[in-house]
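Listed below, chain by chain, are the residues.
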Amino acid sequence: MLDGLAEYCTKALGEHDCPSVSIAVARRGEVVLERAYGWADIEDRRAATTATAYALASISKAVTATAVCAAADDGLFGLDDPVPGPDGEPAPTVRQLLQHRAGVGAYYDFHYADTPRPIDSDRYQVRFREPGSGFEYANLGYHQLGRLLERAGGRSLADCLREWVFEPLGMADTHLADRYPGSAPIARRYTPDGRAYPPVASSGTPAASSVWTTAADLARFGHLAPSLLRPETAAAAVAGLPITEHVGYGLGWIVSTGPGPQIRSHGGGMGGVAAMLIAAPEQELSVAVLTNSTNKAARDAIVEHVMTELVPGYRTEQITPFAADPARPLTLPAGSRWAGKVATADGELPIGIEVLTENQISFAIGGEAVTAPAGAHAEIGLRAVAELQLPTADARVNSPLLALELNEVDGRLVGRAIACKAGDGTGWLGNFLPHRCELDRV
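Residues numbered from 1 in each chain as written. Predicted model: local features only at pLDDT ≥ 70, side-chain atom pairs only at ≥ 80, totals over all residues. Heavy atoms only, no water.

### Some points on the nonpolar core
Now for step 1: Residues Val94, Leu98, Leu149, Leu161, Val165 and Phe221 are the most contacted members of the largest nonpolar core, which totals 62 residues.
Now for step 2: Of the residues forming this core, the biggest block, nine residues, is contributed by helix α2 (residues 60-73).
Now for step 3: Beyond its immediate sequence surroundings of up to four residues, Leu149 is in contact with Thr64, Ala67, Val68, Ala71, Phe77, Gly154, Leu157, Cys160, Leu161 and Trp164.
Now for step 4: Within the second largest apolar cluster, 35 residues are counted, among which are Ile119, Leu390, Ala419 and Cys437. (Core = buried A, V, L, I, M, F, W, Y, C linked by side-chain atoms within 4.5 Å. Buried < 20%, exposed > 50% of the residue type's maximum accessible area, 1.4 Å probe, protein only. Helix = DSSP H or I, 4+ residues; strand = E, 2+ residues; numbered from the N terminus. Contact = heavy atoms within 4.5 Å.)

### Side note on the packing of helix α4 (residues 139-153) against helix α5 (residues 157-166)
Now for step 1: Running from N to C, α4 and α5 cross one another at 80°; their axes reach a closest spacing of 9 Å. In terms of orientation, α4 lies roughly perpendicular with respect to α5. Two secondary-structure elements touch here, α4 through Gly146, Leu149, Glu150 and Gly153 and α5 through Leu157, Cys160, Leu161 and Trp164.
Now for step 2: The class makeup of the residues in the contact of α4 with α5 is five nonpolar, two polar and one charged. (Axes fitted to C-alpha atoms, helices over the stretch in contact; angles between N-to-C directions. Parallel < 35°, antiparallel > 145°, perpendicular 65-115°, else oblique. Nonpolar A, V, L, I, M, F, W, Y, C, P; charged D, E, K, R; others polar.)

### Points about the side chain of His175
Now for step 1: Considering the arrangement of structural elements, one finds His175 in strand β6 (residues 175-176).
Now for step 2: Look past the residues within four positions of His175 in its chain and what remains in contact with it is Arg162, Phe166, Tyr180, Pro181, Gly182, Ser210, Val211 and Trp212.

### Some details on the sheet that holds strand β4 (residues 54-55)
Note on sheets: strands pair through backbone hydrogen bonds, and any given pair is parallel or antiparallel.
Now for step 1: The strand order across the open sheet built from three strands is β4-β8-β6, with neighbouring strands paired in antiparallel fashion. Of all strands in the sheet, those bounded by a partner on one side alone are β4 and β6.
Now for step 2: Here β6 pairs with strand β8 (residues 211-213) via two bridges, running antiparallel. Residue His175 lies in a different strand from β8, and its bridge partner there is Trp212. (Pairing = 2+ DSSP bridges.)

Below, the structure written as structure tokens:
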């Protein structure tokens, strides 16, 4: 099986400056191949092994979703029960939260020190659309699910995942934690240019991003997760509503649609993490590929190499949830001006926009104005990003840019202003903090 894997992985790691990879393949839930290459810790010259534990980032969602579905099967709540949030707006259902159709926006924050978290994710539990009205990948939705599990189970989220998922599947090296608490050696995380991340980092949405595991444990989970659920619940988990031409999103799983082998998967990426889990039920096969670099290129190349050999007819589009969204010219008239407010945790801030050309705007917050390229996209009438600091305490932590995503609705511009950072080319991966934004034409 997979002749030449060592040579291919060594080459891919070198070409993409990725420290290490750990790979496991399971058939019928039994691991039939385990391999690891490269360095789990460059500074200490500690090699990656098949026992090395890696952070999973968003693959954690598949784990949390499985626990939620198991808890629902146990009668603790129903998948179509509403889950009230802190904002008092219409409550999404458990199913809508699992499907990323709860109406909350994209969000993430990461904290890199042994000090109190500076950002409270509850400040960003804001709905930008009605529950059920459309797909938007949302860590905050899974954060609500984690809290639901804690309330229903009467214990910590880590204990809930252990009871409903890890222990039944024998995943002894798998844990939910900011700092890995198990006995397995861990893969230190690295930026694309080889800088080591601090050893402690925490996420404001742990149910969405804080699971650690080995490739072997993850590969077993990939095939066996449905066995933890009632047949009708397992079927619902892979009944994905469409999000692209090739895939839908079910209950914690990206599921392929159309011709070719049936595939369910989930990827994960954050600072120093690029991971992938794929299950091919028709072949009774699952594959885990874990790396310790923010750059996903090595992960993607190795996944492609392994899957095309093991699963005839496999295509990369079957695991890709986000379609290309090229920019097109703005339809807002040049010379038009808009003024309004950005709602932040520190209070409302004035914002002004002037459309300069079909692909350029100027905008200002708090008196500071910048000029930035802008364009329209598939579902966004105006998108722009500039080096403009949103003057809030949260944004100043690690979000030096401001992005706008706005649509014209009934003569107004409405949407969001997002404090963010572009990758980890300098420092560490930043935060992504959305705020409601509304402007009127002046």
